[in-house]
Structures are given as C-alpha cells and as structure tokens.
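A look at the structure
The residues making up each chain are set out below.
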Amino acid sequence: MRSKQVFKGNFFHAPTYGKAEYLEKALITVNKQGIIESVLSQSSSDYQEVLTEAEASNLLVDFGDKFVLPGFIDLHIHAPQWPQAGVALDEPLNVWLDECTFPLEARYSNLEFAKKVYSDLVRQLLNRGTTTAVYFATQHLESSIELAKISAQLGQRAFVGKVAMDNPEQTHDYYRDESSEQAIADTESFIVRVRELAKNVTQGVYPVVTPRFVPSCTDETLRGLGILAQKYDAYVQTHCSEGQWEHGYVLDRYGKRDADVLADFGLVNDKSIMDHCNFVNDHDGELFAKHGAAIAHCPISNAYFANGVLPVNRLKKQGVKVGLGTDISGGFSPSLYDNIKQTVISSRMLTDGVDVTIEQEKRGVSDSRVSVLEAFYLATRGGGEALSLPVGLFKEGQIFDAQVLDPNQPANNLPGFDIYTEPLSRLAKLLYLSTPANITEVWVQGNKVKNPKEI
C-alpha cells in the first residue's frame, strides 16, 4: 500500500436509512492504514490543490465516469454450503438439510477440499463487491481456521465461526462435536488462533462464537459458549427464530422464546449477529435494542425456508441494528445485489399480503415497505453498524472499502438513453441491473483486491 492515495470519482453512499448521497467527481484521501482522511467536493476551497498535488506525486486513482459504491457487508454466509448453492431449494427443509447440507458439511474434515471451496467462494464474493463477510464454517477446527487464512490472504475482511453443535437428539452421529467439552475447547482454541493470525491482517479477520442454533446445542455448550464470548469479548452469531419449527422447538424445550434463551446463556450482546429472526416479536426487538444485538436479514433464503418475512421497518423503529445476508446456500445467490432486490420485493408482499381470499384491508402488514435506498443502506452502513465497525460510508474516519461499477461494460451494458439521468435513478438502475461484469474494481482497506492472485 502506498503512503497515501487520492481517489477521484462519482461516489454513492447512504448515510441514513432511506437517504443516499451522490458525491460527483469528489476527491477522497486515504492514509496508509486505509482510513479516509478527507472527502472533498468540487466546491471545496482546496479541491484543486489536492488534485494537482496528487497528480504530480502519482498518488491519484481516477475512476473517470464510473460509479463507486461502498463495499457490501454480508452478515450471514454458510461457507461450506457454496457447492450446494441452487440445489434442492424446491425440497422441504428437512430434505435439504439431511440429504444435502449435513453430508456436504461433513466433508470439510478434508483440508484440501476445504481450501478448494473456500478459495473459490471468497473470490466469488469479492468479485461481487462483498468486502466484509460473516461466515459460518463447520464443526471442524482446522478447516475453519483455513477459511480465516484464505480470507486474510485474498484481502477480504472476514468474521469466521467454527460451528458448535453437540446435541445428539438434533444432529447426526457423523457430523457433530463429540461432547460439550470438545465443542467449547475447540471454540476457545479457534478464537486464540484466529486472533494470532489477525495480528498481520490489515483489513482484519475476527473469530466468532457460533452455536449453530439452539436446537443443535446442549445447555452445557450454550452456557460455555456464552462464557467464552464474555471472556474474549468476542463476536457471536447464531440462527434465531428463523422458521416455524425452530421457533416451536425452543418454546417446547424452554418455555421461552429464542431471544430470551440466547440472552440467558450470555449470547446476546453488542457483538451479536442474530440470523433471520422472522418470528421475533416486539419483546424480542426491545431485547436486541437494549443489548445492542443486530439482525442479519436474509430475504432470499427466508422466501425458501423461513415461513415469513422479517418486519424490517418495525425493528428499525425499535432501534434494532439490521443488515443483509445472503445465507448461502439457503439463499442461492452469492450477491447482495440480488438480496437488495429481494428485500424490496418481500417487503411489498408483507405490506400488501399474498392471500387474495382475504379482504385487501386485512391482508397485509401496513408500513412494511422497504425502498431500494433503504435496502442499499442495509447492505452498506447497516452492516457496518451491526459489526460496530467504521465501514459502509465514504466519510472521514471510515475505512475505504469500495466497488467500482462501469455501466458501459460490453458483457452487461446498462444504457440510460439520456432518460432518468438524475443521480438516484442512476443508483437504482445500478442496484437492480448490475452483474459482476460491471464491477471492474474492488478495494478493501485501501488495497485493490478484485481478481486476486491464486494462493
């Protein structure tokens, strides 16, 4: 990385929920740590001086007429399920899990297989503009550490969890932790080793305490993981109130809702990512807001397996932090562009209702509609808030993560025909119609990482 860089371009970002800004031909100065030092508009008094000096010093990166968005933040990815993406999504959840997912995840005891899959996945995500990723790995310690290493080497900011799952009543004998003691000991070893790895990773790699979900863990494991999360001030991730079966199972087992159970075990705090949460109620939202926990909204996956639509606006009004996740492979697409679109689609279905045999005024849930600008916020600034990191904005003090989009790529040309040329219409078209062909560059922490070299 150079001592300092100056980026010139047409930048879009969303500082607040539902409002985007367009910074035309702005200059963004980034220091050697990859942190934004200044953002200058064309009307700034020192704009020309900074531009001239950057050109003379060969420090200028000029994106020309392309458009620049913040790097996307994917809060929920099952990395080992990447080979399964698009498979068996028309089957019931139990078939999808028992015949595909669990046998596939069990294969990650093989390190060479893990390296092959994880290397491809990280590249695929980077090439789609995902600069920060929150991963479930598997129950295997060594291959989980390998995912952290690969993310670090390829330049992606990664939050990685070794999955804990030891309840013999809800897991297969060929794929579970041998005991609660092993699940807890392996998680602690994982935390220590990833933190050691992170000492030399500019963009950051973080260990995450990861009970798969309440049904797959014994009380002893949930309690022990909560203690580890507190001991190491570590991030936490788990599925929470995702679908009808899980929701009902937890109520039957504990007489309490998912959110309360996880909180009782010390797994709900300001570093917790609660995945899906379609069945949360007002009490759960208040609990998350009180503790600073965030929700990973996975709209494509939810359409297949979750039996409901997340009430994003209701939760936002309660003060809950919300970002987006792909949930590979419950969600078939590795692209947050697709999940931005599905966020809008699902919210409109929740608002208007889908059962036409019910009277229109009784059919939907009012005030549930999410705009494309609000969904853009969730994929960028919302994810940064969820992780308590200064990412997702082009602002002084933020980390410079960016994706550069060219609407004139031959493989996916997005002509405007000189219609809808105002900035927010252009942004909407980029969000709805872009493909990886349009993303010509990706930058993480001031480093260019798109199309990284082979490990």
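Above this text you will find the structure in question.
Throughout what follows, the structure given in this document is the object of discussion. (Residues numbered from 1 in each chain as written. Predicted model: local features only at pLDDT ≥ 70, side-chain atom pairs only at ≥ 80, totals over all residues. Heavy atoms only, no water.)

1. Remarks on the overall build of the protein
Note the cut-off: Elements are defined by DSSP. Helices are runs of H or I of four residues or more, strands are runs of E of two residues or more, and each kind is numbered from the N terminus. Every radius of gyration here is taken over C-alpha atoms, with the globule rule written as 2.2 Å times N^0.38, N being the number of residues. Any pair of residues with heavy atoms lying within 4.5 Å of one another is described as a contacting pair. Accessible areas in this description were obtained via Shrake-Rupley with a 1.4 Å probe; residue shielding takes into account the shown protein chains only. When charges are tallied, Lys and Arg are placed among the positive residues and Asp and Glu among the negative ones, while His and the ends of the chain are skipped. A charge is said to be at NZ when it belongs to Lys, at CZ for Arg, at CG for Asp and at CD for Glu.
Along its length, the protein carries 15 helices and 16 strands. A globule of 455 residues ought to have a C-alpha radius of gyration of about 23 Å, and the protein, at 22 Å, matches this closely. Projected onto its principal axes, the C-alpha positions of the protein cover 65 × 60 × 40 Å. Partitioning the intrachain contacts of the protein with sequence separation of at least 6 by distance along the chain shows that 73% fall at a separation of at least 24. Put simply, the protein shows about 18300 Å² of open surface, and 48% of that area lies on carbon and sulfur atoms. Considering the protein, the positive charge centre built from 43 side chains and the negative charge centre built from 58 side chains are found 5 Å apart.

2. A look at the nonpolar core
For clarity, the cut-off: For this analysis, a nonpolar core means a set of buried residues of the types Ala, Val, Leu, Ile, Met, Phe, Trp, Tyr and Cys, connected via side-chain atoms within 4.5 Å. Categorising residues by exposure relies on relative accessible area from a 1.4 Å probe, with only protein chains included: less than 20% of the type maximum marks a residue as buried, more than 50% marks it as exposed, and the intermediate range marks it as partly exposed.
In this structure, Tyr118, Tyr135, Phe288 and Leu431 are the most contacted members of the largest nonpolar core, which totals 94 residues. If you tally residues by element for this core, the top one is helix α3 (residues 111-126), at 8 residues. Ranked by size, the runner-up nonpolar core spans 15 residues in total, among them Val30, Val61, Phe400 and Ala402.

3. A short note on unusual backbone geometry
Put simply, Ile328 and Ser329 share a cis peptide bond, and its omega is 0°. Tracing the backbone through its elements, the reader meets Ser329 in the loop between β13 (321-324) and α12 (336-352). Non-glycine residue Asp418 carries a positive phi angle of around 55°. In this structure, Asp418 sits in the loop between β14 (402-405) and α15 (423-433).

4. Thoughts on α12
Test applied: Working rule for helices: expected span equals 1.5 Å times residues minus one. Any N or O atom pair separated by 3.5 Å or less is treated as a polar contact, with the protein-specific requirement of one donor-capable and one acceptor-capable atom, and with residues adjacent in sequence counted only for side-chain atom pairs.
A rise of 1.5 Å per residue sets the reference length of α12, with its 17 residues, at 24 Å; its end C-alpha atoms lie 24 Å apart and thus fit the reference within 8%. The set of residues buried in α12 consists of Leu336, Tyr337, Asn339, Ile340, Lys341, Gln342, Thr343, Val344, Ser346, Ser347, Leu350 and Thr351. For α12, the N-terminal capping position is held by Ser335, with its side-chain oxygen 3.0 Å away from the main-chain nitrogen of Tyr337. Taken from the residues just after α12, Gly353 is the one with a positive phi, measuring 80°.

5. Some words on the sheet that holds β14
Pairing between the strands of a sheet comes from backbone hydrogen bonds, and it takes one of two forms, parallel or antiparallel. Let me state the cut-off plainly: Any two strands with at least two DSSP bridges between them are considered paired.
An order of β3-β2-β1-β4-β14-β15-β16 is seen for the 7 strands of this open sheet, with the pairing classed as mixed. Pairing within the sheet leaves two strands with one partner each, and these edge strands are β3 (36-40) and β16 (447-448). In this sheet, strand β15 (residues 439-444) lies alongside β14 in antiparallel orientation, the contact comprising 4 bridges. Following the sheet pairing, Val404 is matched in β15 by Glu441.

6. Side note on the packing of α12 against α15
Stated formally: Under this scheme, a helix contributes an axis fitted over its contacting stretch, all axes are lines through C-alpha atoms, and angles between N-to-C directions fall in the 0 to 180 degree range. Every angle not falling under 35 degrees, over 145, or within 65 to 115 is termed oblique; those three ranges are roughly parallel, roughly antiparallel and roughly perpendicular. Residues are grouped as follows: Ala, Val, Leu, Ile, Met, Phe, Trp, Tyr, Cys and Pro are nonpolar; Asp, Glu, Lys and Arg are charged; all remaining types, including Gly, are polar.
One can describe the packing of α12 onto α15 by two numbers: an axis separation of 7 Å at closest approach and a directional angle of 110°. Taken as axis vectors, α12 and α15 run roughly perpendicular relative to one another. Facing Tyr337, Ile340, Lys341 and Val344 of α12, the residues of α15 in contact are Leu430, Leu431 and Tyr432. Class assignment for the residues of the contact of α12 with α15 results in 6 nonpolar, no polar and 1 charged.

7. Considerations on the side chain of Ser434
Among the structural elements, Ser434 can be located in the loop between α15 and β15. Classification of Ser434 as buried rests on a relative accessible area of 7%. A polar atom in the side chain of Ser434 sits 2.7 Å from the backbone oxygen of Leu430. Once residues lying within four places of it in the same chain are set aside, the contact partners of Ser434 are Tyr337, Leu405, Asn412, Leu414 and Lys429.

8. A word on the pairing of β14
The alternating pattern of β14 places Ala402 and Val404 on one face and Gln403 and Leu405 on the opposite face, and all of these are buried. In this sheet, β14 lies alongside strand β4 (residues 60-70) in antiparallel orientation, the contact comprising 4 bridges. The partner of Val68 across the bridge, within β14, is Val404.

Treat this as a map of the structure, not an account of what it does.
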